[in-house]
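Descriptive analysis of the structure
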Amino acid sequence: MKNNIHDQVSSYYGETLQTSDDLKTNACCTDIEYPRHIKDILSQLHDETMSKYYGCGLTIPTNLEGLRVLDLGSGSGRDCYVASKLVGKEGHVIGVDMTDEQLKVADAHKDFHAEKFGFANVEFQKGNIEELGKLDIEKESLDLIISNCVINLATDKKAVLQGAYDLLKEGGEIYFSDVYSDRRIPQDLVDDPVLYGECLSGALYWNDFLTISKDVGFLDPRTVSSNRITIEDEELMEKVGNINFYSVTYRLMKLPKLESDCEDYGQAVRYKGTIDHNKDAFELDDHHLFEAGRIKTVCGNTYMMLHDTRFKEHFDFWGDFSTHYGIFEGCGGSAPFNTENTNSDEAAPCC
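Right, let's walk through the structure included here.

1. Things to note about the packing of helix 7 (residues 157-167) against helix 10 (residues 206-216)
Helix 10 packs onto helix 7 with a crossing angle of 35° between their chain directions and a minimal axis gap of 9 Å. The two elements helix 7 and helix 10 meet at a crossing, and its hand is right-handed. Contacts between helix 7 and helix 10 pair Lys158, Leu161, Gln162 and Tyr165 from the former with Phe209, Ile212, Ser213, Asp215 and Val216 from the latter. Residues of the contact of helix 7 with helix 10, tallied by class, amount to 5 nonpolar, 2 polar and 2 charged.

In structure tokens:
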């Protein structure tokens with residue numbers, strides 16, 4: 001069953017689809033307003049690299065200079081070449097894909113992009129993203145892993161995330177866009193080759209994704225952005241019925257000391273405004289925007305995501321973990337009991 005799905009995916013992306021115009025939904029091509037510096041890089045890429053791109057979001061985070069990066073399901077190499085420019089000549093980018101036709105396109109234009117950028121720092125490896133341990137990559141050697149609308153095509157999502165966790169350095173992250181559903185997908189839809197190839201029926205129910213992420217060690221998944229996916233093809237619409245799909249960008253950080261909830265230790269940070277292309281503000285996720293120069297209180301997890309990662313030099317920090325003040329209001333969970341002081345003279349019943 002697993003090998004059959006892998007063959008179907010390779011055939012769909014290597015033979016059935018010739019360009020992104022052949023897709024039947026926008027699951028793999030959500031409209032994104034790219035920042036100017038990303039647009040500038042995209043304008044320099046080879047036409048074939050662009051036309052055979054099937055991603056579903058922007059998986060290029062900030063502050064990449066000198067990083068060692070892996071792109072899961074790199075396809076035609078579009079995101080690899082964008083990352084190549086951003087990490088610079090001191091960085092390195094590896095793309096992994098299992099489809100020969102896509103790898104052929106990516107490899108064919110390595111010299112073209114090296115000449116454009118003035119340096120060569122990209123390599124491509126053939127492999128299955130469910131078996132990252134078999135790649136020629138040392139464990140705990142990567143700063144960043146990116147992926148664009150590919151993990152949903154894997155039959156064993158937990159194996160992908162576990163492999164990513166093992167390859168990342170402590171303080172590294174996987175920053176990726178993918179497709180999620182609002183309920184678990186029935187098996188008959190999972191078995192549909194078109195629905196699977198269109199990045200729909202392989203999608204994880206969002207709550208199952210969060211559970212798996214925490215199980216492998218990514219203890220506090222953060223949503224960066226999310227968009228509803230539309231299905232224009234009437235036949236596919238009828239098949240999926242009331243299931244809703246979303247394209248979501250997540251960042252998962254390898255920080256073993258993160259807690260299951262956002263806890264308050266009286267900490268604060270101030271963004272210096274020193275990250276390229278983020279002079280006025282830095283967005284960690286969809287509910288943490290740090291304006292330059294403004295002191296902002298944060299939970300312990302957010303403090304670690306800034307202090308124990310590549311972002312440290314761009315922030316000032318106050319506080320430590322010596323005193324705990326309870327759950328972080330407005331960010332963490334809530335107590336599972338009534339915390340209101342009613343000033344009642346009546347004693348609570350004994351349990």
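Once the structure has been displayed, the description carries forward.
2. Re the layout of surface pockets
In this model, the largest pocket occupies a volume close to 470 Å³. Lining of the largest pocket is provided by 20 residues; of these, Leu58, Ile60, Tyr175, Val224 and Glu283 occupy positions nearest its centre. Secondary-structure elements contributing two or more residues to the lining of the largest pocket are helix 2 (36-42), strand 7 (222-228), strand 8 (245-253) and strand 10 (281-285). Residue contributions to the lining of the largest pocket peak at 3 residues, all from strand 10. The class makeup of the residues in the lining of the largest pocket is 11 nonpolar, 6 polar and 3 charged. Put simply, the second largest pocket is a space of about 240 Å³. Asn63, Leu64, Leu86, Asp276 and His277 are the residues nearest the centre of the second largest pocket, which is lined by 15 residues in total. Elements with a contribution of two residues or more to the lining of the second largest pocket: helix 2 and helix 4 (78-87).

3. Some thoughts on the sheet that holds strand 13 (residues 315-318)
Hydrogen bonds between backbone groups are what pair the strands of a sheet, and the pairing can be parallel or antiparallel. Taken in spatial order, the 3 strands of this open sheet run 12-9-13, and their pairing is antiparallel. Both edges of this open sheet fall to strand 12 (295-298) and strand 13, since each of them pairs with a single strand only. For this sheet the average axis-to-axis angle between neighbouring strands, irrespective of direction, equals 30°. When strand 9 (residues 267-271) meets strand 13, the two strands line up antiparallel, connected through 4 bridges. Paired with alanine 268 across the bridge in strand 13 is tryptophan 318.

4. Thoughts on unusual backbone geometry
In this structure, glutamate 140 takes a positive phi of about 55° despite not being glycine. Structurally, glutamate 140 is set in the loop between strand 3 (122-126) and strand 4 (142-148). For cysteine 199, which is not glycine, the phi torsion reads 70° and is therefore positive. Take cysteine 199: it is sitting in the loop between helix 9 (193-197) and strand 6 (204-205). Of the residues examined, cysteine 199 reaches a relative accessible area of 0% and is grouped as buried.

5. Notes on the nonpolar core
Counting residues in each nonpolar core, the largest one holds 31 residues, and the members touching the most others are Leu70, Leu72, Ile129, Ile145, Ile174 and Phe209. At the level of secondary structure, the elements contributing two or more residues to this core comprise strand 1 (68-72), strand 2 (92-97), strand 4, helix 7, strand 5 (168-181), helix 10 and strand 8. Top contributing element to this core by residue count: helix 7, with 5 residues. Those residues in contact with isoleucine 145 that lie beyond four places of it in its chain are Leu70, Leu72, Ala164, Leu167, Leu168, Glu173, Ile174 and Tyr175. Counting residues in hydrophobic clusters, the runner-up holds 28 residues, among them Val69, Val93, Phe119 and Leu144.

6. Here we look at helix 5 (residues 100-108)
Those residues of helix 5 that fall on the buried side of the exposure criterion are Gln102, Leu103, Val105 and Ala106. Projected down its long axis, helix 5 shows its buried positions confined to an angular sector of 160°, all on one face. Set apart from the buried face of helix 5 by more than 90 degrees, the exposed residues are Lys104 and Ala108.

7. Re the side chain of lysine 157
Mapping lysine 157 onto the fold places it in helix 7. Here lysine 157 occupies a buried position and makes no salt bridge, while the nearest side chain of opposite charge, aspartate 178, is found at 7.5 Å. Looking at lysine 157, its side chain comes within polar contact range of the main-chain oxygen of alanine 154, at 2.7 Å. At 2.6 Å, the side chain of lysine 157 forms a polar contact with the backbone oxygen of glycine 202. The contacts of lysine 157, once residues within four sequence positions are left out, are Ile151, Asn152, Tyr196, Gly202 and Leu204.

8. Thoughts on the environment of histidine 113
Its place among the elements puts histidine 113 in helix 6 (residues 110-117). According to the relative accessible area criterion, histidine 113 is buried, its value standing at 1%. For the pair histidine 113 and valine 82, spaced 31 residues apart in the sequence, the C-alpha separation amounts to 9.7 Å. Leave out the neighbours within four places in its chain, and histidine 113 touches Gln44, Leu45, His46, Thr49 and Tyr81.

Rules behind the numbers
Residues numbered from 1 in each chain as written. Predicted model: local features only at pLDDT ≥ 70, side-chain atom pairs only at ≥ 80, totals over all residues. Heavy atoms only, no water. Axes fitted to C-alpha atoms, helices over the stretch in contact; angles between N-to-C directions. Helix = DSSP H or I, 4+ residues; strand = E, 2+ residues; numbered from the N terminus. Left-handed = near helix turned anticlockwise from the far one by under 90°. Contact = heavy atoms within 4.5 Å. Nonpolar A, V, L, I, M, F, W, Y, C, P; charged D, E, K, R; others polar. 1 Å grid on protein atoms, 1.4 Å probe; cavity = no way out; pocket = protein on both sides within 12 Å on 5 of 7 lines; lining within 4 Å. Points joined across faces, edges and corners; volume = space filled by probe spheres on them. Pairing = 2+ DSSP bridges. Buried < 20%, exposed > 50% of the residue type's maximum accessible area, 1.4 Å probe, protein only. Core = buried A, V, L, I, M, F, W, Y, C linked by side-chain atoms within 4.5 Å. Arc of directions from axis to C-beta. Lys, Arg positive; Asp, Glu negative; His and termini not counted. Salt bridge = Lys/Arg side-chain N within 4 Å of Asp/Glu carboxyl O. Polar contact = N/O pair within 3.5 Å; in protein donor to acceptor, adjacent residues only side chain to side chain.

Fair warning: the whole summary comes from geometry, so function is off the table for now.
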